[in-house]
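Chain and residue survey
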Amino acid sequence: FYKSLIETQGCISTKQYDELINLAFKTNNFQLLGEILRDRILRGNLNQKEKKAILDFCLYLESDELPNQNEIHSKKLEDNEVKIKISYIIESKLNSQKASNLSYVLSRYLEFYSLKKNHEMVIYLSSFAKKIALHIGDSIGLYNSLKYSGYSYYSQGENKNSLLIYEEYFCKMLEDTEYINIYFRDALEGVLYNCKALNDYSAFDKINQLLKKEAKFLPYSLIYSNPKRSLFNPDEQILSLLPKSNTKPIFKDSITSGYYNLTKSILECFIAADKDFDKAELFDLKQIILLLFNKEINNNSMSELISKKIKSIKPGEEFEKSKLFYDFINYGKKIKLIEDEYFKKQIFYYCKLLVGSDGNIHPNEQLLLLKLKDFI
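This write-up is about the structure you can find in this document. (Residues numbered from 1 in each chain as written. Predicted model: local features only at pLDDT ≥ 70, side-chain atom pairs only at ≥ 80, totals over all residues. Heavy atoms only, no water.)

Remarks on the pattern of salt bridges
- Scanning the entire structure with this criterion turns up 20 salt bridges.
- Where Lys206 meets Glu167, a salt bridge forms, and the shortest distance between an N and an O atom there is 3.2 Å. Separated by 39 residues along the polypeptide, Lys206 in helix α11 (residues 202-213) and Glu167 in helix α9 (residues 159-176) bring together distant segments of the chain.
- The exposure class of Lys206 is exposed, given its relative accessible area of 52%.
- The partner of Lys172 in a salt bridge is Asp176, with the nearest N and O atoms 3.3 Å apart. Note that Lys172 and Asp176 are positioned in helix α9 at a spacing of four residues, about one turn of the helix.
- What you see here is one network of salt bridges that share partners, running through Arg38, Glu62, Asp64 and Lys98. (Salt bridge = Lys/Arg side-chain N within 4 Å of Asp/Glu carboxyl O. Helix = DSSP H or I, 4+ residues; strand = E, 2+ residues; numbered from the N terminus. Buried < 20%, exposed > 50% of the residue type's maximum accessible area, 1.4 Å probe, protein only.)

Quick look at the structure:
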């Protein structure tokens, strides 16, 4: 099965799935059978009715009932039967393998019932999904339980309950993840939609304060992320949900203002190193400068500076012999003389984050990171 996944790059055909299912039945390998069926639900070209039948069959597998191959596509459990089966499986003292299987099955049920707008079932099942995911350390299972239950409460007009869930979701991701990325989208939009419904953005302000405390920000990749998989609105970007504010944020003065020019020059080198400058890098650069120094930078002047640095890498010239690289080494030597270890670690963190703004780390950027690490 897993060899087929690799060979087909996750595009197993219907015929191949059927052959793998037959083999699992012949060898009585019901654990593998469940894995194949769950993968088919996720990747196979199935309608919702077909997914539900296989999902119900997977639930039978986890209850240790002897499976009948002819029932894979014909199982049909009513909502109450699904509840009873899940309760029975949980009460039968799950081992880690069965708990992991059930966590995955529950995630798919949450997705199915959310699409069906059966919010009562989503809220009911999410409590089991969350409990199991926490018990076995299944982050994806936990995120799914929070994502779908939060949306169901929102859909029922219970915005305060929904907001609390999405806040928990965002904070849990922040705890688990080094960098803010596009996977924060579900949690962030949940917070913002509920803030909008309540006409109260204090929860969003609280998240912003928490980000600042962690020296993090909402990057371009998240703010402009594709909304097509949104539970709320597949056509609305995060940007349009952000509150309008003319108030400048107040940051902790932990970085000496005298480091401003040096910091900006180093960041500019990283942006120019791949000889390309896009709006994602500009957006993230502005956020970094604002966070560190509470300063706004002008787009035009910054673009001119970056263009000048790009031109300092002559066509056909080896990067390590370029003026940009020479200037960067000198900046690094100045960094090394600074005694503020916190500042130096922050610079490295933001440079590493910045080179990923455009979704691709260029060899020149990688080289600068390695050199910067020597100076830190």
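Additional details are given in the paragraphs that follow.
What to know about the state of the cysteines
- Applying the stated rule across the entire model yields zero disulfides.
- The cysteine Cys351 is free of any disulfide, with Cys269 supplying the nearest cysteine sulfur at 9.2 Å.
- Classification of Cys351 as buried rests on a relative accessible area of 0%. (Disulfide = S-S within 2.5 Å.)

Side note on the side chain of Asn144
- Along the chain, the position of Asn144 falls in helix α8 (residues 139-155).
- Discounting chain neighbours no more than four positions away, the residues touching Asn144 are Ser107, Arg108 and Leu110. (Contact = heavy atoms within 4.5 Å.)

Let's talk about unusual backbone geometry
- Phi is positive for Asn28, close to 55°, though the residue is something other than glycine.
- Inspection of the secondary structure assignment puts Asn28 in the loop between α2 (14-26) and α3 (30-43).
- Positive phi, close to 60°, is recorded for Lys117, a residue that is not glycine.
- Inspection of the secondary structure puts Lys117 in the loop between α6 (96-115) and α7 (119-136).

What about the environment of Glu111?
- Note on placement: Glu111 falls in helix α6.
- Given a relative accessible area of 26%, Glu111 falls into the partly exposed group.
- The spatial distance from the C-alpha of Glu111 to the C-alpha of Asn144 is 8.4 Å, given a sequence separation of 33 residues.

Quick notes on the nonpolar core
- Ile266, Phe270, Leu285, Tyr350, Cys351 and Leu368 are the most contacted members of the largest nonpolar core, which totals 45 residues.
- Among the elements of the structure, α13 (260-272), α14 (279-293), α15 (299-311), α16 (323-337), α17 (341-355) and α18 (363-375) are those that each provide at least two residues to this core.
- No other element matches the nine residues that α17 contributes to this core.
- Apart from residues no more than four positions distant in its own chain, Ile266 is found in contact with Phe328, Tyr331, Ile335, Ile347 and Cys351.
- Leu5, Phe25, Val82 and Leu110 belong to the second largest nonpolar core, which has 40 residues in total. (Core = buried A, V, L, I, M, F, W, Y, C linked by side-chain atoms within 4.5 Å.)

A few points about the packing of aromatic side chains
- Applying the stated criterion across every chain, the model contains 23 aromatic pairs.
- For the ring pair Tyr166 and Phe232, a centre distance of 5.9 Å and an interplane angle of 50° mean the geometry is tilted. Highlighted residues: Tyr166 in helix α9 and Phe232 in the loop between α12 (220-223) and α13, separated in sequence by 66 residues. Like Phe232, Tyr166 is buried.
- Ring centres of Phe270 and Phe328 lie 5.5 Å apart, and the angle between their planes is 85°; on these two criteria the pair is classed as edge-to-face. Placement of Phe270 in helix α13 and of Phe328 in helix α16 is noted, with a sequence separation of 58 residues between them.
- Accessibility expressed as a relative area gives 1% for Phe270, which makes it buried.
- The class of Phe328 is buried, set by a relative accessible area of 1%. (Phe/Tyr/Trp six-rings, centres within 6.5 Å; stacked < 30°, edge-to-face > 60°.)

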